[in-house]
Amino acid sequence: MMSLTVLSLPQKFKRLLQAMMLAVAVVYMTLLLYQSAYGYPGIQVPHSQVDGLANEPLNPTHRDQLLQEYVQSSTPTQPGAGAPSASPTTVIIRKDIRSFNFSDIEVSERPTATLLTELARRSRNGELLHDLSQRAVTATPQPPVTELDDIFISVKTTKNYHDTRLALIIKTWFQLARDQTWFFTDTDDRYYQEKTKGHLINTKCSQGHFRKALCCKMSAELDVFLQSGKKWFCHFDDDNYVNVPRLVKLLDEYSPSVDWYLGKPSISSPLEIHLDSKNTTTNKKITFWFATGGAGFCLSRALTLKMLPIAGGGKFISIGDKIRFPDDVTMGFIIGGCFCKPVKTLTRTNYESISEHLLKVPLTVVDNFHSHLEPMEFIRQDTFHDQVSFSYAHMKNQWNVIKVDGFDLKTDPKRFYSLHCQLFPYFSFCPPR
């Protein structure tokens, strides 16, 4: 009897050790699943969404269930400049917009995951979207910081600028973010497709710098980002120089699971639109700030997922057609449009039909974005490292460019090579310092 007792003790300890190891494994797997399903602290997901996620296998068909972590977001608490201070309103009365009715805008009530799956299937770039979405699924817990690979950088360009603007970007700042930067154009170009390692997307949009073509490309940018699984969507034009490390540092100050609209306006007061309707006696007035696309802007994933039922799958183009404004204004209208007191009192029903399609997220002004509409020469050289974007323009036989030491004006009239060598002197084409 004594011998049996002695032999049983190690067996009990062995079983206890196995139980403890099993418990640790369960806790670890629980943490992994929690991170994948909920992401960052403070995000509240409805129980119905959590239950649906638990019942679905984590395969490519249902991968987008993971994205539901972003749908519910709280009031912004991160640092930011906030909306610009109140100033006299820029008034634009659109007398030519007749019978404008926000209820005509198609808004899907289906779950976000279903919309994302359908978006990939219908897209002209379906294979690309499928590849990008595959990269979004990971079982590794992500740290609560923003890294370069969390950012989707889109650059809008056109066929006529491939050999000038696009070539300049590829030789300079694109080399710092080759895997994260995508060029959206309007033609096939085998040469630059190779130079960008397959990151040139033919949107099939019209060529030219007019409203329809601009909104078409912006719509494609938004749709591809939604399928990418990235945390941040940052749009730039092909005349922008992007200081990639500074962009990463900026976005690290904000949470992608909160609604953020980061950029810089090009006007000194909010835009106000009066939408007249011949069928009513009511003048609908909407006011908003918008970030100028020429300086670049960034949207958090939380915000873009809220835009999906309104502007995803090509609906962005329809809204641009309705309000008859270009892409950056249309973006600001959808995100920051705020219903203002009408000329005549509306009924509650009319008020809701107008306001329910506007997200009312304020623009957070970031002065480190710069467009060609600003005098570039006023950006001091000792502050270059702090700026997110730069630009240039040739107007009235004169270049609007930054003042920077480096190559001569004949070699580098746009000053991007000189700027790049100031920031990153280790590149091979930079002169020794």
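Up top is the structure these notes are about.
Remember, predicted model here, so these are calculated numbers, not experimental data.

Enquirer: I tried to follow the overall build of the protein on my own but got confused; where do I start?
Expert: A tally of regular secondary structure across the protein gives 13 helices and 15 strands. Taking all 433 residues of the protein together, the buried fraction comes to 52%. Counting only contacts in the protein whose residues sit at least 6 apart along the sequence, the fraction spanning at least 24 positions is 73%. Only carbon and sulfur atoms are counted for the fraction: they give 55% of the accessible area of the protein, which is about 21,600 Å².

Enquirer: Explain a nonpolar patch on the surface to me, please; I cannot follow it from the model alone.
Expert: Residues Phe-13, Leu-16 and Met-20 make up a contiguous nonpolar surface patch of roughly 350 Å² in combined accessible area. Relative to the assigned elements, Phe-13 resides in helix α1 (residues 2-38).

Enquirer: Would you explain the pattern of salt bridges in this entry?
Expert: Once the charged atoms of two side chains with opposite charge are near each other, the side chains can pair. Using the criterion set out here, one finds 13 salt bridges in the structure. Taking the shortest distance from any N to any O, the salt bridge between Glu-377 and Lys-403 comes out at 3.9 Å. Here the residue Glu-377 occupies a position in the loop between β12 (364-365) and β13 (389-390), and Lys-403 occupies one in the loop between β15 (398-400) and α13 (416-423), the gap between them amounting to 26 residues. Salt-bridge contacts for Asp-412 lead to Arg-415; the nearest nitrogen and oxygen are separated by 3.8 Å. Neither residue differs from the other here; Asp-412 and Arg-415 are each classed as buried. Through salt bridges with shared partners, a single network forms among Lys-156, Asp-237 and Asp-327.

Enquirer: I tried to follow the packing of aromatic side chains on my own but got confused; where do I start?
Expert: Within a pair of aromatic rings, the relevant descriptors are the distance that separates the centres and the angle that separates the planes. Going through the model one piece at a time under the given rule, you end up with 22 aromatic pairs. Centroid distance Tyr-241 to Phe-416: 5.5 Å. Interplanar angle 70 degrees. Geometry classified as edge-to-face. Of this pair, Tyr-241 sits in strand β6 (residues 241-242) while Phe-416 sits in helix α13; the two residues are 175 residues apart in sequence, bridging distant segments of the chain. No difference in accessibility class separates Tyr-241 from Phe-416, as the two residues are buried.

Enquirer: What exactly am I supposed to notice about the packing of helix α7 (residues 211-228) against helix α11 (residues 327-336) here?
Expert: Between two packed helices, what matters for the description is the angle formed by their axes and the separation of those axes. At a minimum axis distance of 8 Å, the contact between α7 and α11 shows a crossing angle of 55 degrees. Between α7 and α11, the interaxial angle falls into the category oblique. Between α7, through Leu-214, Cys-215 and Met-218, and α11, the contact on the second element is made entirely by Asp-327, Thr-330 and Met-331. The residue makeup of the contact of α7 with α11, split by class, is four nonpolar, one polar and one charged.

Enquirer: Help me understand unusual backbone geometry, please; the structure alone is not making it clear to me.
Expert: Excluding glycine, residues mostly have negative phi values, and the peptide bonds linking residues are mostly trans. Despite not being glycine, Lys-204 has its phi angle at roughly 65 degrees, a positive value. Relative to the helices and strands, Lys-204 resides in the loop between β4 (200-202) and α7. Backbone geometry at Arg-324 places phi at a positive 60 degrees, although glycine is not the residue there. Arg-324 sits in the partly exposed class, given a relative accessible area of 40%.

Enquirer: So what exactly am I meant to see when it comes to the side chain of Asp-328 here?
Expert: Within the fold, Asp-328 resides in helix α11. Notably, Asp-328 is buried but unbridged: the nearest opposite-charge side chain belongs to Lys-156, and the N-O separation is 6.9 Å. There is a polar contact of 3.0 Å between the side chain of Asp-328 and the backbone nitrogen of Gly-293.

Enquirer: Help me understand the sheet that holds strand β5 (residues 232-237), please; the structure alone is not making it clear to me.
Expert: By way of backbone hydrogen bonds, the strands of a sheet pair with one another, either parallel or antiparallel. Taken together, seven strands build an open sheet; the order of strands is β4-β3-β2-β5-β10-β7-β12 and the sheet is mixed. Each edge of the sheet is formed by a strand with only one pairing partner; in this case those strands are β4 and β12. Relative to β12, strand β7 (residues 261-263) runs parallel, the two being bridged by two bridges. Paired with Gly-263 across the two strands is Val-365, which belongs to β12. Strands β2 (151-156), β7 and β10 (297-300) of the sheet are contacted by α11, whose axis makes an angle of about 145 degrees with β7.

Cut-offs applied
- Residues numbered from 1 in each chain as written.
- Predicted model: local features only at pLDDT ≥ 70, side-chain atom pairs only at ≥ 80, totals over all residues.
- Heavy atoms only, no water.
- Helix = DSSP H or I, 4+ residues; strand = E, 2+ residues; numbered from the N terminus.
- Buried < 20%, exposed > 50% of the residue type's maximum accessible area, 1.4 Å probe, protein only.
- Contact = heavy atoms within 4.5 Å.
- Areas by Shrake-Rupley, 256 points an atom, 1.4 Å probe, with all protein chains shown as cover.
- Patch = residues over 30% accessible without salt bridge, like charges linked within 9 Å, V, L, I, M, F, W, Y side chains within 5 Å.
- Salt bridge = Lys/Arg side-chain N within 4 Å of Asp/Glu carboxyl O.
- Phe/Tyr/Trp six-rings, centres within 6.5 Å; stacked < 30°, edge-to-face > 60°.
- Axes fitted to C-alpha atoms, helices over the stretch in contact; angles between N-to-C directions.
- Parallel < 35°, antiparallel > 145°, perpendicular 65-115°, else oblique.
- Nonpolar A, V, L, I, M, F, W, Y, C, P; charged D, E, K, R; others polar.
- Lys, Arg positive; Asp, Glu negative; His and termini not counted.
- Polar contact = N/O pair within 3.5 Å; in protein donor to acceptor, adjacent residues only side chain to side chain.
- Pairing = 2+ DSSP bridges.

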